[in-house]
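Residue-level structure breakdown
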Amino acid sequence: MIKKILYTGFIITAVFTACKKDGNAGPQLGKDDASFTIYENSFLEGLWKLDPDWATTSGFHKYDSLLVVPSDKNRDKMLDFAKKALDSISRFEVTTLNDANKIDYHLMQNQMEMTEWKIQVLKSYQWNPAAYNITGTFAYILNGHYAPLAGRLRNFYQKMAAVADYYKEAEKQIKNPVAELTGLAVDQHLGGLGVFEKDFADSLKKANIPQAEQKQMLDRAHTTAETIKAFTEWLKNLKNDHPHSFRLGRDLYEAKFKYEIQSEVTPQQMYNAAVERKKTIHREMTQISKKLWPKYFGTKPMPADSLDLIAQVIDTLSSKHVQPDEFQSAIANEIPKLTAFVKSKDLLTLDASKPLIVRKEPGYMAGVAGASMSSPGPLDKTGNSYFNVGSLNGWAPAKAESYLREYNQYILQILCIHEAVPGHYVQLVYANNAPSPIKSVFGNTAMIEGWAVYCEQMMLDNGFGGDAPEMRLMWYKWHLRSVCNTILDYGVHVQNMAKQDGLTLLTREAFQQPAEAEGKWKRVTVSSVQLDSYFTGYKEIMDLREAYKKKMGDKYKLKDFNEKFLSYGSAPVRYIKEAMLAKGNSGSGSSGG
Ligand code: ZN
Ligand code: ZN
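Calculation rules
Residues numbered from 1 in each chain as written. Chains lettered and ligands numbered in written order. Predicted model: local features only at pLDDT ≥ 70, side-chain atom pairs only at ≥ 80, totals over all residues. Heavy atoms only, no water. Phe/Tyr/Trp six-rings, centres within 6.5 Å; stacked < 30°, edge-to-face > 60°. Helix = DSSP H or I, 4+ residues; strand = E, 2+ residues; numbered from the N terminus. Buried < 20%, exposed > 50% of the residue type's maximum accessible area, 1.4 Å probe, protein only. Core = buried A, V, L, I, M, F, W, Y, C linked by side-chain atoms within 4.5 Å. Contact = heavy atoms within 4.5 Å. Domains from an automatic or database assignment. Buried area = accessible area lost by both parts, 1.4 Å probe. Salt bridge = Lys/Arg side-chain N within 4 Å of Asp/Glu carboxyl O. Pairing = 2+ DSSP bridges. Axes fitted to C-alpha atoms, helices over the stretch in contact; angles between N-to-C directions. Parallel < 35°, antiparallel > 145°, perpendicular 65-115°, else oblique. Nonpolar A, V, L, I, M, F, W, Y, C, P; charged D, E, K, R; others polar. Donors = N, O, S within 2.8 Å, 3.2 Å for Na, K, Ca; no water.

Counted by the stated rule, this structure contains 37 aromatic pairs. Ring geometry for phenylalanine 341 against phenylalanine 464: centres 5.2 Å apart, planes inclined by 80 degrees, an arrangement best described as edge-to-face. Of the two residues, phenylalanine 341 sits in helix H16 (residues 327-344) while phenylalanine 464 sits in the loop between helix H21 (445-461) and helix H22 (469-493), which places them 123 residues apart along the sequence. Neither phenylalanine 341 nor phenylalanine 464 differs from the other in exposure class; each is buried. With centroids separated by 5.9 Å and ring planes inclined at 20 degrees, the aromatic side chains of phenylalanine 561 and phenylalanine 565 adopt a geometry described as stacked. With phenylalanine 561 and phenylalanine 565 both in helix H26 (residues 558-567) and four residues apart, the pair spans about one turn of that helix. For the pair formed by phenylalanine 561 and phenylalanine 565, the shared burial category is buried. Three or more aromatic residues link up through ring pairs in this structure, and these residues are Phe36, Tyr39, Phe43, Trp48, Trp54, Phe60, Tyr63, Phe81, Phe92, Tyr105 and Phe442.

Structure, rendered in structure tokens:
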């Protein structure tokens with residue numbers, strides 16, 4: 001439940017008149033939580049007007065019909081907004097705010113500082129053509145259930161009016177782009193054409209819209225698809241003798257890490273921690289593998305090299321997997337098992353009123369096999385959460401076998417912990433009960449991913465999988481992904497790591513299949529810092545739990561920690577820590593607002 005009144009812009013005038021002005025400090029917005037809350041709402045309203053795409057995908061639908069052209073002028077408007085917002089935020093005295101608002105204060109300030117930095121320093125609008133992919137928002141409008149279909153289709157239609165100007169401007173802005181990101185932009189733009197060429201027309205047939213109007217709408221969708229194709233042709237033919245490097249470099253990386261991860265530590269410290277963690281995991285994996293060897297290999301001599309030993313045991317265990325036609329039902333069957341386990345061990349309270357809907361992957365997502373969570377935008381609180389399970393129907397046997405070995409009987413269970421219970425899905429339900437939309441909209445990915453990774457270990461530590469050494473070994477392999485994501489990301493963007501070294505790290509030291517390692521390499525060349533979020537969030541949560549244990553002494557209960565931690569919403573761990581470890585604070589983050 002949200003107690004606040006959202007997006008009522010008119011209240012702001014009342015604040016100005018109600019506020020005392022003290023002689024020399026300039027205009028005051030007020031010092032208390034009530035005026036801060038009012039400011040938050042007008043802040044979001046202002047932000048949405050300047051960034052309708054973000055508004056739409058966050059679940060705020062007033063500006064669905066607008067597409068903002070990426071011009072210098074519009075960027076200046078955003079810059080101006082950020083400067084004014086930073087000034088307004090600084091007028092509140094952060095120490096006087098309650099815990100929930102304190103976190104919002106930091107999030108808003110960070111977000112606006114990041115906005116300035118992105119526009120003035122990072123300037124990815126010049127070198128990242130993939131930043132101009134508009135299809136996601138159009139697909140969100142088409143597939144959302146937040147409003148009647150005819151209205152959504154008309155917004156879709158109006159939004160398309162600016163597409164030609166949008167790409168004309170994009171072509172003006174792009175200079176010496178990153179080659180890898182240019183390729184990605186071409187693939188993604190072409191991959192999304194179906195939204196305009198097919199999905200839109202299919203939806204029109206289901207809506208009650210007059211024929212003549214339908215024809216106009218279809219014509220515009222056709223023009224839009226042609227414009228997008230022309231943009232990909234322009235990209236392909238772009239003369240680019242001196243492309244921007246995909247490697248971010250130390251300075252930009254450190255700044256991006258600071259804004260996106262919002263950790264207390266530096267990326268270098270996190271990298272060092274990941275390298276240490278890898279060593280520890282290898283030691284533990286060696287011990288487990290030695291123990292398991294006779295059970296699976298009898299008297300066959302053990303490989304002398306410990307990484308070879310671990311690899312062989314993992315390879316043997318990977319043959320325990322379901323058949324292609326059982327894949328979906330196997331995942332669906334996991335959810336009630338996990339729910340029952342969480343309840344029986346009293347790990348945290350699950351909200352039975354918001355069941356997770358397990359469904360077959362819908363058509364427009366087809367091709368993304370495995371399992372994923374589909375959540376409504378953070379402000380679309382009535383929308384359902386879906387656990388999409390892909391089908392392996394029609395896969396070549398060798399491809400299916402390789403995939404099923406990767407998502408074997410052990411990993412499949414860990415995947416469901418991570419994605420659903422008590423991982424992402426449960427965290428989302430708690431976040432939706434947190435009192436402020438700021439935390440949902442500016443959700444911290446390190447906290448979100450860190451929680452899911454933390455849950456995998458928390459479940460195993462509490463006996464999930466019956467303390468089987470096989471399960472622990474396979475979890476370590478899975479966990480090495482998170483750890484090596486950090487090593488790879490920092491290595492590539494800061495330390496100039498070569499491709500072959502990256503692939504060796506993933507295949508030899510993290511026991512990944514070559515195809516998976518290639519995919520990860522591709523990802524690290526088109527993204528930065530994002531891959532840090534898994535291990536960083538995990539480590540920060542584990543460290544916080546240790547500190548919290550110390551603070552609570554014999555009053556410590558795992559369930560209390562889990563629930564308190566989640567009650568602050570998707571906030572950076574450092575601010576949750578500040579609140580949870582504060583003297584005299586035994587309450588939760590949802591007390592404010
Ligand atoms: Zn097999
Ligand atoms: Zn995740």
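Read on, since the account is not over.
Time to look at the nonpolar core. Within the largest apolar cluster, 181 residues are counted, with the highest numbers of intra-cluster contacts made by Phe43, Tyr454 and Phe565. Considering each element in turn, this core owes the most residues, 13 residues, to H22. With near-sequence residues (within four places) excluded, phenylalanine 565 lies in contact with Met447, Trp451, Ile541, Leu544, Val573, Ile576 and Met580.

For the rest of this paragraph, the subject is the domain arrangement of the chain. When cut into domains, the chain gives domain 1 (9-246) and domain 2 (260-321 + 422-537). Each of domain 1 and domain 2 was reduced to a C-alpha centroid, and the two centroids are 33 Å apart. Taken together, the 21 residues of domain 1 in the interface contact 16 residues of domain 2. Summed over both sides, the interface between domain 1 and domain 2 buries roughly 1500 Å², with carbon and sulfur atoms accounting for 73% of that surface. Considering only the surface of domain 1 that becomes buried against domain 2, Leu44, Leu107 and Phe246 emerge as the three largest contributors, covering 35% of it. Remark: the boundary between domain 1 and domain 2 carries two salt bridges.

Within a sheet, adjacent strands bond to each other through the backbone by hydrogen bonds, running parallel or antiparallel. Spatial ordering of the open sheet is given by S1-S3-S2, a layout of three strands whose pairing is mixed. At either margin of the open sheet sits one strand with a lone partner, and together these are strand S1 (357-360) and strand S2 (371-374). Neighbour to neighbour, the strand axes of the sheet diverge by 30 degrees on average, direction disregarded. In the sheet, S2 pairs with strand S3 (residues 386-389) via four bridges, with the strands oriented antiparallel. Bridge pairing in S3 places serine 372 opposite asparagine 388. The strands touched by H16 are S1, S2 and S3; relative to S3, the strand with the most contacts, the crossing angle is about 150 degrees.

Okay, the packing of helix H13 (residues 250-261) against helix H14 (residues 267-297) next. Contact geometry for H13 and H14: axes closest at 10 Å, N-to-C directions at 85 degrees. Here H13 lies roughly perpendicular to H14, going by the angle between them. Contacts from Arg250, Tyr253, Glu254 and Phe257 in H13 reach Pro267, Gln268 and Met270 in H14. Class assignment for the residues of the contact of H13 with H14 results in four nonpolar, one polar and two charged.

Our next topic: the coordination of the zinc ion (ligand 1). On the protein side, the zinc ion (ligand 1) has His321 (NE2), Glu401 (OE) and Glu401 (OE) as donor atoms, found 2.0 to 2.6 Å from it. Taken together, the residues span a long stretch of sequence, with histidine 321 in the loop between helix H15 (306-317) and H16 and glutamate 401 in helix H17 (residues 397-406) at a distance of 80 residues. The exposure class of histidine 321 is buried, given its relative accessible area of 16%.

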